[in-house]
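A look at the structure
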Amino acid sequence: MRYAQLVVGPAGSGKSTYCSTMVQHAETENKTIHVINLDPAAEYFDYSPIADIRELIHLDDAMEDDEMRFGPNGGLIFCMEYLLENIPWLKEQIGEDDDDYILFDCPGQIELFTHMDTMKKFVEFLKTENFMICSVFLVDSQFMVDGAKFLSGTMTALSVMINLELPHVNLLSKIDLISKSSKKQIESYLEPDPHILLSEINTGSRWSEKYTKLTEALGKIIEDFSLVRFYPLNIKDEENVADIFFTINNIIQYGEDADVKAKDIDLHPDEDGEDSFG
Ligand SMILES: Nc1nc2c(ncn2[C@@H]2O[C@H](COP(=O)(O)OP(=O)(O)OP(=O)(O)O)[C@@H](O)[C@H]2O)c(=O)[nH]1
């Protein structure tokens, strides 16, 4: 068996930073995890990938081709389809070692994950290669400090989850960058009471009044079926990173021979009165 995280999320949400944080953290636990860059437009990351899609195709190749003349979005989709057509290349890069653990740092174009089947086909490939996979969806917490934006981020997370059909973890990234009051606001949305969120969305504009029932219905579906849950990610808090690593490893059954105890990430204030954001 092999293990993988498919690291997805909008552009700039912190996917590459998450990958290098996880690699460094795993080292502290004497575990080795690898990263593969799947973003053909990536400019910078500070991990050493074991494979890089840019060696197969770069976004510029698709955009500068006289026949294709793709724009950035079409070009990116073309690159991902090109990867699927050349999957033996990736197969060779991945090798066949049992027990390997790989993070796939994906491009930030979210439609690849919400409603196109390109990445789903990629997931099918990984399954045939004996990978246990968890999708990890990152969303920048700075864009979640508002009821309407939080609901929108939640719906995107849900679309990714439904489209990929994988065990799934949502992370609120860059928690270290938001103020205490913003943290409190986000924490209130994480409470199991949809009315806190809905009351905020439903005040103000005429538009929100008109669509109150729709918003309420969306909020209730998510809440009633416990469909989407977010974990705060603070890369500066080693304990928080360890908790997330542990939780995902449990999901993909990595290290199941070890003494794996059920443990979850604390989303509520502990005895010391510290909040979950560290
Ligand atoms: N302070 C802080 N900065 C972060 C964090 N995560 C990412 N960043 C910064 O945010 C920017 C974007 O981060 P990336 O990791 O490149 O994001 P990405 O999702 O891989 O971006 P794309 O490749 O464009 O899709 C970089 O300048 C990072 O240094 C975080 O948790 N805390």
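The shown structure was predicted, so the numbers you read here are calculated from the model rather than taken from an experiment.

Description of the sheet that holds strand 5 (residues 131-140)
Reading across from one edge, 3-2-4-1-5-6-7 is the order of the seven strands in this open sheet, with parallel pairing throughout. Each of the sheet's edge strands pairs with one partner strand only, and the pair in question is strand 3 (51-52) and strand 7 (230-232). Relative to strand 6 (residues 168-173), strand 5 runs parallel, the two being bridged by six bridges. Each bridged residue has a counterpart across the sheet, and for V136 the counterpart in strand 6 is V169.

A word on the site of the ligand
The environment of the ligand is made up of 13 residues, and the closest members are G14, K15, S16, T17 and D176. Here an oxygen atom of the ligand sits 3.0 Å away from a polar atom, N or O, in the main chain of G14. In this structure, S16 approaches the ligand through a side-chain N or O atom, which is 2.9 Å from an oxygen atom. For the ligand, the accessible surface in isolation is 640 Å², of which the surrounding protein chains cover 67%.

Overview of unusual backbone geometry
Comment: phi is negative for the bulk of residues other than glycine, and the bulk of peptide bonds are trans. One non-glycine residue, D99, lies in positive phi territory at about 70°. If you trace the backbone, D99 turns up in the loop between helix 4 (87-94) and strand 4 (101-105). Look at D99 and you get exposed, because its relative accessible area is 53%. The residue Q253 is not glycine, and still its phi comes out positive at about 60°. Structurally, Q253 can be placed in the segment after helix 12 (238-251). Under the relative-accessibility criterion, Q253 is labelled partly exposed at 38%.

Procedures and definitions
- Residues numbered from 1 in each chain as written.
- Predicted model: local features only at pLDDT ≥ 70, side-chain atom pairs only at ≥ 80, totals over all residues.
- Heavy atoms only, no water.
- Pairing = 2+ DSSP bridges.
- Helix = DSSP H or I, 4+ residues; strand = E, 2+ residues; numbered from the N terminus.
- Near = heavy atom within 4 Å.
- Polar contact = N/O pair within 3.5 Å; in protein donor to acceptor, adjacent residues only side chain to side chain.
- Areas by Shrake-Rupley, 256 points an atom, 1.4 Å probe, with all protein chains shown as cover.
- Buried < 20%, exposed > 50% of the residue type's maximum accessible area, 1.4 Å probe, protein only.

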